[in-house]
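Reading the structure
The lines below spell out each chain.
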Amino acid sequence: MQGTTDVTLASGLWREGRCLRAARIVPLDSETQRTLLDSLAVEVPARRVSGLVAAAVAALDDVAPFGLDEARALTVGDRDRILLGLRAALVGDEMECLCECSCGETLELTVSIRDLLGEPADAPAPVECAGVRAVTGADHERAALRALDDPTAAVDELVRGCMLAGDDVDAAARLLEELDPGAEILLRGPCPACGAEVVAALDPGAYLWTELEHRRAQLELDVHTLARHYHWSEAEIVALGPERRARYIELIAAEAGAA
């Protein structure tokens, strides 16, 4: 666990005439991670993102507490920025990503979260333009639920739900991309086999969720190993932290190897 991380949001959240952009992100402890994984396991990914964002943000500027309503009010791109900040707080700056080339080769990319976040702009990005507003987390949740029955209708309803005026759905869809460019994170790199440029989309929510599942599985394995060897309780083992647990497990492995 790396520590508290501050992330500047691109669009921010408007409250009482001012735009709140500074998100203070705190790493989630092991128990909170396990609770979120259990409680959100059957939810659509957009709702998982809302739960993770709400749990991770301690304050937005000087406004606290930050909860689900605020997480759902943020743009999709800002929610992804918070998830990237949470991942940095939990694990670190570098992310190992696998991308598939059309030739069948797999490209391994090491991505810096700092680079993905970039330098924040001095002014917040506009959330409305020409009768269209940016997609929020709440919009994303509704569309995700609708997509379970009809993916095509979900896209249409998502765009129409963000239209404040007019009836040109195609033009509105193009504006949505401009209003929240951070909603799509693209990774690029040369294929090691054919040399072609590989372009792949990064989904911070899916990436972080998978990592949290792996971390839970490792924690449960650590608890199993240490409880059998030292007869400590689960609470005592979890309280040790990952570094101390790893050292004890190394001792157990060394002892087994010397036997």
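Structural data are supplied above this passage.
Heads up: these notes are all about the structure in this document. Residue positions are given per chain, counted from 1 along the sequence in the order it is written. Selection of residues for local features in this predicted model requires a pLDDT of at least 70, selection of side-chain atom pairs for listing and counting requires 80 or more, and totals for whole chains, interfaces and linings are taken over all residues. Remark: hydrogens and water are excluded; side-chain values derive from all non-hydrogen atoms of the structure.

Considerations on the packing of helix H9 (residues 204–230) against helix H11 (residues 242–258)
Between two packed helices, the angle of one axis relative to the other and the distance separating the axes together describe the packing. Threshold: Think of each axis as a best-fit line through the C-alpha atoms, taken over the contacting stretch in the case of a helix, with angles from 0 to 180 degrees between the N-to-C directions. The helix count covers DSSP runs of H or I at least four residues long, the strand count covers runs of E at least two residues long, and both are numbered beginning at the N terminus. Oblique is the label for every angle not falling under 35 degrees (roughly parallel), over 145 degrees (roughly antiparallel), or within 65 to 115 degrees (roughly perpendicular). Each crossing gets its handedness from the near helix: less than a right angle anticlockwise from the far helix is left-handed, clockwise is right-handed. Throughout, a contact is declared for two residues whenever any of their heavy atoms are within 4.5 Å. When residues are sorted by character, Ala, Val, Leu, Ile, Met, Phe, Trp, Tyr, Cys and Pro go into the nonpolar class, Asp, Glu, Lys and Arg into the charged class, and all the rest, Gly among them, into the polar class.
Where H9 contacts H11, the two axes come as close as 10 Å, and the packing angle between them is 55°. Considering their axes alone, H9 and H11 lie oblique with respect to each other. The interaxial crossing formed by H9 with H11 has left-handed handedness. From H9, Leu219, Asp222, Thr225, Leu226, His229 and Tyr230 reach across to H11, where they touch Arg245, Tyr248, Ile249, Leu251, Ile252 and Glu255. Looking at the contact of H9 with H11 residue by residue, the class counts come to 7 nonpolar, 2 polar and 3 charged.

Side note on the pattern of salt bridges
Stated formally: Every case where a carboxyl oxygen of Asp or Glu lies within 4 Å of a side-chain nitrogen of Lys or Arg is listed as a salt bridge. Each residue is assigned to one of three classes by its accessible area relative to the maximum for its type, calculated with a 1.4 Å probe on protein chains only: buried under 20%, partly exposed between the two thresholds, exposed over 50%.
Scanning the model with the defined rule gives 16 salt bridges in all. One salt bridge connects Asp139 with Arg142, and the closest N-O pair in it is separated by 2.5 Å. Here Asp139 and its partner Arg142 are both found in helix H6 (residues 137–147), 3 residues apart, which amounts to about one turn of the helix. For Arg142, a relative accessible area of 52% puts it in the exposed group. Linking Glu197 and Arg188 is a salt bridge whose minimum nitrogen-to-oxygen distance equals 3.8 Å.

Things to note about the environment of Arg216
Structurally, Arg216 is set in helix H9. Residues Arg216 and Val26 lie 190 residues apart in sequence; the distance between their C-alpha atoms is 18 Å. Those residues in contact with Arg216 that sit more than four places away from it in its chain are Arg34, Leu37 and Asp38.

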